[in-house]
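Chain by chain, the residues:
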Amino acid sequence: MMVLPEEVLSLLRAAAPRRNSIIVLLTVDQDQYPHSALLSPYQVLALSREKMAFHVHRGTRTAGNLSRTGKASLLLFLPPSAYTVKVDVLSVSAMESEEEDIYYCKVRDVRRDYSELSPITSEPTFDPTRVSEDYSRRYLKMLTQVSLN
């Protein structure tokens, strides 16, 4: 069984401070093309070294792809490396009073991409100015709900 490396676990564990990093969630559409959705660490949580949870908006292409295939990959940039975490969806639950669903997943594979000749020097980030309050509220809601499951 694959497990999350310490660097990824440190970013996504519940006690970790949330950052304005972008996490790319990759699914496969009906035509077998990759589909990307941009998430923040406020939407992704490491439940353990083997399990994760994340939430996405209900009714989106991403949600449809997850429901159809039960598989996804998360791409995280942690300079000087990038990590791809493949997951299998174990279950889905509605986030209380939100238009989002929480996907509980098992870590299937983890790959670290690093080049000594051209290390990654920065990570993609978003401007949290207009979303930090809403993101924090939803993150706390997910934490409360996940701890009940």
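Since this is a predicted model, take the numbers as computed values, not measurements.

Looking at the pairing of strand 5 (residues 71-78)
- Relative to strand 5, strand 1 (residues 23-28) is paired through three bridges, and the arrangement is antiparallel. Each residue of the ladder has a partner; that of Leu25, found in strand 5, is Leu74.
- Sheet topology note: the strand 5/strand 6 (residues 81-94) ladder contains eight bridges and is antiparallel. Counted as the bridge partner of Leu74 is Val85 from strand 6.
- Taken together, strand 5 and the strand that follows it, strand 6, pair antiparallel across an intervening segment of two residues.

Regarding the environment of Asp134
- Within the secondary structure, Asp134 sits in helix 3 (residues 132-148).
- Among the residues examined, Asp134 registers a relative accessible area of 28% and is labelled partly exposed.
- Between the C-alpha atoms of Asp134 and Gln43, which are 91 residues apart in sequence, the distance is 11 Å.
- Reaching out from Asp134, the side chain makes a polar contact with the side chain of Arg137 at a distance of 2.5 Å.

Points about the sheet that holds strand 3 (residues 44-46)
- Reading across the sheet, the seven strands line up as 2-1-5-6-7-4-3 and stay open at both edges, with antiparallel pairing between neighbours. Of all strands in the sheet, those bounded by a partner on one side alone are strand 2 (34-39) and strand 3. Between one strand axis and the next, the sheet turns by 30° as a mean value, whatever way the strands run.
- The pairing of strand 6 with strand 7 (residues 100-113) spans 12 bridges and is classified as antiparallel. Directly across from Ser93, in strand 7, lies its bridge partner Ile102.
- Sheet strands touched by helix 2 (residues 61-69): strand 1, strand 2, strand 4 (51-57), strand 5, strand 6 and strand 7. Its angle to strand 1, the strand with the most contacts, is close to 55°.

A word on unusual backbone geometry
- The omega angle of the peptide bond from Pro79 to Pro80 is 15°, so this bond is cis rather than trans.
- Positionally, Pro80 belongs in the loop between strand 5 and strand 6.
- Despite not being glycine, Gln32 has its phi angle at roughly 70°, a positive value.
- Residue position: Gln32 is located in the loop between strand 1 and strand 2.
- Owing to a relative accessible area of 60%, Gln32 belongs among the exposed residues under this scheme.

Here's the deal with the side chain of Arg138
- Take Arg138: it is sitting in helix 3.
- Taking the relative accessible area as the measure of exposure, Arg138 reaches 17% and is therefore buried.
- Within the structure, Arg138 has its side chain in polar contact with the side chain of Glu98 (distance 3.4 Å).
- In this structure Arg138 touches His55, His57, Met95, Glu98 and Glu100, once residues within four positions along its chain are discounted.

Calculation criteria
Residues numbered from 1 in each chain as written. Predicted model: local features only at pLDDT ≥ 70, side-chain atom pairs only at ≥ 80, totals over all residues. Heavy atoms only, no water. Pairing = 2+ DSSP bridges. Helix = DSSP H or I, 4+ residues; strand = E, 2+ residues; numbered from the N terminus. Buried < 20%, exposed > 50% of the residue type's maximum accessible area, 1.4 Å probe, protein only. Polar contact = N/O pair within 3.5 Å; in protein donor to acceptor, adjacent residues only side chain to side chain. Axes fitted to C-alpha atoms, helices over the stretch in contact; angles between N-to-C directions. Contact = heavy atoms within 4.5 Å.

Any functional reading would require information that these geometric values do not contain.
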